Amino acid sequence: MPKLQGFEFWSRTLRGARHVVAPMVDQSELAWRLLSRRHGAQLCYTPMLHAQVFVRDANYRKENLYCEVCPEDRPLIVQFCANDPEVFVQAALLAQDYCDAIDLNLGCPQMIAKRGHYGAFLQDEWDLLQRMILLAHEKLSVPVTCKIRVFPEIDKTVRYAQMLEKAGCQLLTVHGRTKEQKGPLSGAASWEHIKAVRKAVAIPVFANGNIQCLQDVERCLRDTGVQGVMSAEGNLHNPALFEGRSPAVWELAEEYLDIVREHPCPLSYVRAHLFKLWHHTLQVHQQLREELAKVKTLEGIAAVSQELKLRCQEEISRQEGAKPTGDVPFHWICQPYVRPGPREGSKEKSGARSKRALEEEECGTEILSKNKQKKQLRNPHKTFNPSLKPKYAKCDQCGNPKVSGFRPHATKASALVGEQGGLCTQGSRSGARPAGFAVSPRVAWMPQDGSLLPAKPLPRTGVGVSLGGWVRERHLAWGRSPGLHPGRGHLAETFPAWPQEWCWPQAPELSCAQGNRCVFSLCRGCCKKRASKETADCPGEGACHPPRSRQTGPSAF
């Protein structure tokens, strides 16, 4: 059967869906999707999945997609984040039999997306996106779709959408905010951008942003001309949004918990959903908020939800029979949450002082945040006083504490080592390698008396020392010797006064127990990356940690 495209795909495969539940990390899991479908949602997305992890980890695939096959959960679109065409297509090929389309996330504005270089932080790399969409369109048996954020300029947003359409995108979801609009800076989504995109492309368009109730859905469809409307936060606070109802919170909470018992998911997902549903009530009953945060079982969460229900019903009875309806903003009704803007969130202009500032004034500067208090409960000896924390030298490359050992220190004369600060990683690069030296990692060493090391191999040790003191290899010929640790070799026979913990006789002159110190000033992580990238980049990799293929014994020491 040929792959459906564009409007034919939307009308036949997606059944002309107009009410769409957005992809939400750890929130649009199967149980929540089923609840939303029972209350008016016509199309759902999975949470965003990492394409690279999905390809390499079978457990990740099983936990996030393969174990969640459910006939009720269709039509379904699986969303991936990726920044490599091959990886994206590999992940999509593994998922295409379990869904109706594959979506590429180009809208995530969070810091984790910036660090991972995906989501909205790819929106300026049009060549890469073209290759990703084009390859997926060619290789997959299901359509490929995209979810994007807008640019500040409408014309650039239109050109961006047209580029994706030309590459093979069959459906476009446009979130009417820029990647900078998030958290307290979210503001209102621009439906003008969405309307312009809809007029400029010949594929179905979904709108996302400013959807809090069914009236918003209808107005968005009318004003923008899009084929469907997607909701994220509005759906989390009221899963019956697409029905146009605002039921009592406990009705949907109990229904959701019943679905979770049938289709289990991580407890953290359930707790997060209950926090959203009961958001307004938990502002009144703070003690139950803390209990909901602490419970460790599904039944414990259900018990807290039941207690919230009882307290709300008592409050209703005290209000002389007032019926909870969607028109009355009682806190026990499913209703939208309006995120405060930066000025509302800041109390500087109102003259009010923050709770934290008042606590510090009353209790001194020793007050700790809740997060630090939890850490201190786990580790009573932990201190958060900067003056008591140990000071470490920083890695020149990444700023982390640098490694304290495991890299030999080169002290040979600068005439031999060139301009590399007391070391030579490859003689042919510095031009200082004497004739006849093997091209391998090596380190210059100088004994205590200032003379060069012997120009002959050390007997039965496998340590090669060439003319000029360049160490070629330092792994051992494994065996046993009286007074040595089993498997340590015969170093004591060569240097009788040489303690086995030291790498070289002159170790007492150096800075660590192994007689090594890092001449690169790198932390352990950067050191490992640099050494494993190319052995010749680090003399210590050959001298201290020879590759397994070179080892003459059962293990490294």
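Numbers given for residues are sequential positions, taken from 1 along each chain in its written order. In keeping with the predicted nature of the model, local features appear solely for residues at pLDDT of at least 70, side-chain atom pairs appear and are counted solely at 80 or more, and the whole-chain, interface and lining totals rest on all residues. Only hydrogens and water are set aside; all other atoms, that is, all heavy atoms of the structure, feed into the side-chain values.

Chemist: How do you make sense of the overall build of the protein chain when you look at a structure like this?
Modeler: On a plain count of helices and strands, the protein chain comes out with 24 helices and eleven strands. Counting across all 557 residues of the protein chain, residues that qualify as buried make up 48%. By definition in these notes, contact holds between two residues if any of their heavy atoms fall within 4.5 Å. In the protein chain, the proportion of contacts linking residues at least 24 apart, taken out of those at least 6 apart, comes to 66%. Only the protein chains shown count as cover for residues, and the accessible areas themselves come from Shrake-Rupley with a 1.4 Å probe. Only carbon and sulfur atoms are counted for the fraction: they give 51% of the accessible area of the protein chain, which is about 28300 Å². Secondary structure elements follow DSSP: runs of H or I of four or more residues count as helices, runs of E of two or more count as strands, with numbering from the N terminus. For every residue, the accessible area obtained with a 1.4 Å probe (protein chains only) is divided by the maximum for its type, and the residue is called buried under 20%, exposed over 50%, and partly exposed between those limits.

Chemist: Explain the side chain of His39 to me, please; I cannot follow it from the model alone.
Modeler: Along the chain, His39 turns up in the loop between helix H2 (30-38) and strand S2 (43-45). Polar contact criterion, stated in full: a pair of N or O atoms within 3.5 Å, where within protein one must be able to donate a hydrogen and the other to accept it, and residues adjacent in sequence count only if both atoms are side-chain atoms. A polar side-chain atom of His39 sits 3.0 Å from a polar atom in the side chain of Glu243. Those residues within four positions of His39 in sequence are excluded, and the remaining contacts are Pro239, Ala240, Phe242, Glu243, Arg245, Leu252 and Glu255.

Chemist: What should I look at first to understand a positive patch on the surface in this one?
Modeler: Within this analysis, patches are made of residues with over 30% relative accessible area and no salt bridge. Like charges are joined at 9 Å or less; nonpolar side chains (Val, Leu, Ile, Met, Phe, Trp, Tyr) at 5 Å or less. The term salt bridge refers to a side-chain nitrogen of Lys or Arg lying within 4 Å of a carboxyl oxygen of Asp or Glu. Note on charges: Lys and Arg go in the positive column, Asp and Glu in the negative column, and His and the chain ends are not counted at all. Taken as the charge location is NZ of Lys, CZ of Arg, CG of Asp or CD of Glu. A cluster of like positive charges, contributed by Arg289, Lys296, Lys370, Lys372, Lys374, Lys375, Arg378, Lys382 and Lys389, occupies part of the molecular surface. Examining the composition of the positive patch, we find that five residues originate from one element, helix H19 (residues 370-378), more than from any other. Position of Lys389 among the secondary structure elements: in the loop between H19 and helix H20 (414-417).

Chemist: What should I look at first to understand the side chain of Arg177 in this one?
Modeler: The topology assignment puts Arg177 in the loop between strand S7 (172-175) and helix H9 (191-200). Although Arg177 is buried, it forms no salt bridge, and the closest oppositely charged side chain is Glu233 at an N-O distance of 8.0 Å. There is a polar contact of 3.0 Å between the side chain of Arg177 and the backbone oxygen of Gly187. With residues up to four places along the chain from it excluded, the contact list for Arg177 reads Arg149, Val150, Ser186, Gly187, Ala188, Ala189, Gly209 and Asn210.

Chemist: Is there a simple way to explain the confidence of the model for the protein chain in this structure?
Modeler: Residues shown with low pLDDT carry predicted positions that ought not to be read at fine detail. Residues at a pLDDT of 70 or more form 63% of the protein chain, whose mean pLDDT is 74. For every residue, the predictor states its confidence as a pLDDT score lying anywhere from 0 to 100. In the predicted structure, residues 404-518 sits below a pLDDT of 50 and forms 222 contacts with residues beyond four places in sequence or in another chain. Of the regions scoring below 50 in pLDDT, residues 531-557 engages in 61 contacts with residues more than four places distant in sequence or in other chains.

Chemist: Explain the nonpolar core to me, please; I cannot follow it from the model alone.
Modeler: For soluble globular proteins, nonpolar side chains are generally found buried alongside one another. For this analysis, a nonpolar core means a set of buried residues of the types Ala, Val, Leu, Ile, Met, Phe, Trp, Tyr and Cys, connected via side-chain atoms within 4.5 Å. Counting residues in hydrophobic clusters, the biggest one holds 111 residues, and the most contacted among them are Phe80, Ile102, Leu164 and Leu172. With eight residues, the single largest contributor to this core is helix H12 (residues 249-262).

Chemist: Any chance you could explain the packing of aromatic side chains here in plain terms?
Modeler: How two aromatic rings sit relative to each other is set out by the distance from centre to centre and by the angle between their planes. Working definition: a ring pair exists when centres of Phe, Tyr or Trp rings (six-membered ring for Trp) sit within 6.5 Å. Plane angles under 30 degrees give stacked, over 60 give edge-to-face, the rest tilted. Per the stated rule, a full pass over the model turns up ten aromatic pairs. Between Phe54 and Tyr60, the ring centres sit 6.4 Å apart and the planes meet at 80°, which makes this aromatic pair edge-to-face. Judged by its relative accessible area of 16%, Tyr60 falls in the buried class. With a centroid separation of 5.2 Å and an interplanar angle of 75°, the aromatic rings of Phe151 and Tyr160 are classed as edge-to-face. Across the pair, Tyr160 and Phe151 agree in class, each one buried. Ring-pair connections join several aromatic residues into one group, and the members of that group are Phe54, Tyr60, Tyr66, Phe80 and Tyr98.

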